[in-house]
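Coordinates in review
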Amino acid sequence: MTQAATGSEPDGRVPGRRWTVRLDPVGRGSAEVRVSCSRPACAERRLPSAAAGRTAAVAHLTAHLRATPAPRADTYCACRADGCRAHLPDTGRHARTEQPWRCGGPVVLAVITDRAGRWWQALECCSRCAAATPGARTAAASPPSAPRTAGRPTPAVAGPGAGTPQFSDQQVTTRTGGPAHLPVPAPRPRPARRRPPEARVGRRVVPRGLRPVSLRDELTELGDLFRAYQKRPEPDLALLADLQERKARAFLTWSEVSCDVALRLEAQRAEQAAAVIRRQHQHRTGCVPDGEEPGVARLLTGPAQWEYARSVLAYVAGHTPLPGAEARLLVLMLTLRTAHTGTGNLVGQDVNALGLTDPEDLVQQLTGCGWLSLPGTVGDLLASRPENPTPITVPSLVPGKDGTGPFTFGRKTRPKLSGWAQRAVSDKKLRKAKAPADARLLAVTLATWTDDVGRLGPGGRGVTLDDLITRVPVGADELRDLVDRLTAADWLTDAALTDTHLTGRLTERVLPLTCPLAD
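The sections below set out a description of the structure shown in this document.

On to the pairing of strand S8 (residues 119–126), then. Within S8, seven of the eight residues are buried, which leaves the element mostly enclosed by the surrounding structure. By the bridge criterion, five bridges tie strand S3 (residues 17–25) to S8 in an arrangement that is antiparallel. The residue of S8 that forms the bridge with Thr20 is Gln121. Across seven bridges, strand S7 (residues 107–113) lies against S8 in antiparallel orientation. Residue pairing for S8: Val111 is matched across the bridge by Ala122. Counted along the chain from S7 to the antiparallel partner S8, the turn is five residues long, and its residue Gly117 has a positive phi close to 70 degrees.

Below, the structure is given as structure tokens:
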């Protein structure tokens, strides 16, 4: 510790110890900070951020306090030369023959901290000085010791009350004549702020006397809304654009009322920010002007195709001839291959890539019940290759005499829907994880039940389990396992399955496969 040298103290006491730990910036343009200690043996440290620097400074000071012995009872205050409130001011008169400071109480080891968190100081001082210093904390107190008086020897026999420190401000005497021990005064609390906090919009303070009152209320509400938006777990670009537009209008009115050109410029910046954010939202949702590319290049490019995909899933849910998720996935893929005319081409890889437990037996059951018609055997179908595909027929999808079928989309839309479903169920990470057929059916179903940013359900509120089990015929326990599989395959994130809803969102990599719901 550093000590202030002095050799003419009235009572011969030694100076109090004191040292300081500081936190300073390294230089302009750098986030690094420097932690230094006034003790010569302590080396300087550099930390990457102010938060890390404060943690290191506090730990350094704590280590010193633990290694420092207890305060000495025969010291005078180290704060004497710093204009302490407990000391008498310098009036310019001759110094008194007695001590010119008003100390009291035992010597303590006090810790003083800068409110801005830039320095920490530990010093030996009396308890009165510690109590008079705002924010000072007492770390340790000195043990009682015999009083010493300048020029007088210490008496050999002490009376009752001996062993307690004596101070110049007052002497408390017991009935037997000895000095009594003075209690340590409690630290003075910091004054509480009584004024209410100021309303702010960004870095601007809203004046309390601003008129009209409706403008002041609008600015105050905007500040609260912006702060609430910063705490949102996920961004909402449409909401942020609306807030920026409101800010532009409010700041423009504020500039007219106060004749402040800076407010008008800030209103223009808010208007420009609103336009940029609105355009980002349009690119993300695919609703962009003609001639511009959307931010998310979806495989199905428009709301009409998204509704067609949902209509096929709904049709398959009510017209699958066999129970189980595997049969429904196979029927979905075959329906998309034959949706326009009831006929189409199929190769063995199209069936084998669906993760079916026994694809040959399942195709055999579909042909046995009359839902599917093949020109040859099931083995021929599974062995067929792209250069020699197998023609298939689904009689229930063949248009009637009036030329209409169960679907309204045209001949050019059918291959787009089929390619979209094939891309979803044969996703690279699903194949790598060897996801079963029911997990792939859940994946393609959830892709049609998202909002424009991939959150499940209308407005991101989730999908009800009743609707989900209608499309994916599995039990509740199996559904939980499938959700875990999709999460592990980086298809689903933030998933939460309750007794009534499944919430979460699809990951960024599968957003091109989504079919957003209408607002």
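So much for the structure itself; the text now carries on.
Our focus in this paragraph is the packing of helix H3 (residues 213–230) against helix H4 (residues 237–258). Orientation of H3 relative to H4, taken along the N-to-C sense of each, is 150 degrees, at an axis distance of 10 Å. Relative to H4, the element H3 lies roughly antiparallel. When you trace H3 past H4, the crossing you get is left-handed. The segment H3 lies against H4, with Leu215, Glu218, Leu219, Glu221, Leu222, Leu225, Phe226 and Tyr229 engaging Leu237, Leu239, Leu240, Leu243, Gln244, Arg246, Lys247, Ala250, Phe251, Thr253, Trp254 and Val257. Broken down by class, the residue content of the contact of H3 with H4 amounts to 14 nonpolar, two polar and four charged.

The nonpolar side chains of soluble globular proteins are, as a tendency, buried together. Judged by nonpolar contacts, the single largest core of 71 residues is most densely connected at Leu330, Leu372, Trp420, Leu442, Leu446 and Trp491. Not counting the four nearest positions on each side in its chain, Leu372 is found in contact with Leu334, Val363, Leu366, Thr367, Ile392, Thr393 and Val394.

Under the defined criterion, the tally for this structure stands at 22 salt bridges. With its nearest N and O atoms 3.0 Å apart, the salt bridge here joins Arg246 to Glu218. Taken together, the residues Arg246 in helix H4 and Glu218 in helix H3 connect sequence positions 28 residues apart. According to the relative accessible area criterion, Glu218 is partly exposed, its value standing at 23%. Note that Asp427 and Arg509 form a salt bridge whose closest N and O atoms lie 2.8 Å from each other. One end of the pair, Asp427, is in the loop between helix H11 (413–425) and helix H12 (428–432); the other, Arg509, is in the segment after strand S16 (501–506), with 82 residues separating them in the sequence. Here the salt bridges share partners, and the residues they tie into one network are Arg204, Lys247, Asp260 and Glu266.

Scoring rules and cut-offs
- Residues numbered from 1 in each chain as written.
- Predicted model: local features only at pLDDT ≥ 70, side-chain atom pairs only at ≥ 80, totals over all residues.
- Heavy atoms only, no water.
- Buried < 20%, exposed > 50% of the residue type's maximum accessible area, 1.4 Å probe, protein only.
- Helix = DSSP H or I, 4+ residues; strand = E, 2+ residues; numbered from the N terminus.
- Pairing = 2+ DSSP bridges.
- Axes fitted to C-alpha atoms, helices over the stretch in contact; angles between N-to-C directions.
- Parallel < 35°, antiparallel > 145°, perpendicular 65-115°, else oblique.
- Left-handed = near helix turned anticlockwise from the far one by under 90°.
- Contact = heavy atoms within 4.5 Å.
- Nonpolar A, V, L, I, M, F, W, Y, C, P; charged D, E, K, R; others polar.
- Core = buried A, V, L, I, M, F, W, Y, C linked by side-chain atoms within 4.5 Å.
- Salt bridge = Lys/Arg side-chain N within 4 Å of Asp/Glu carboxyl O.

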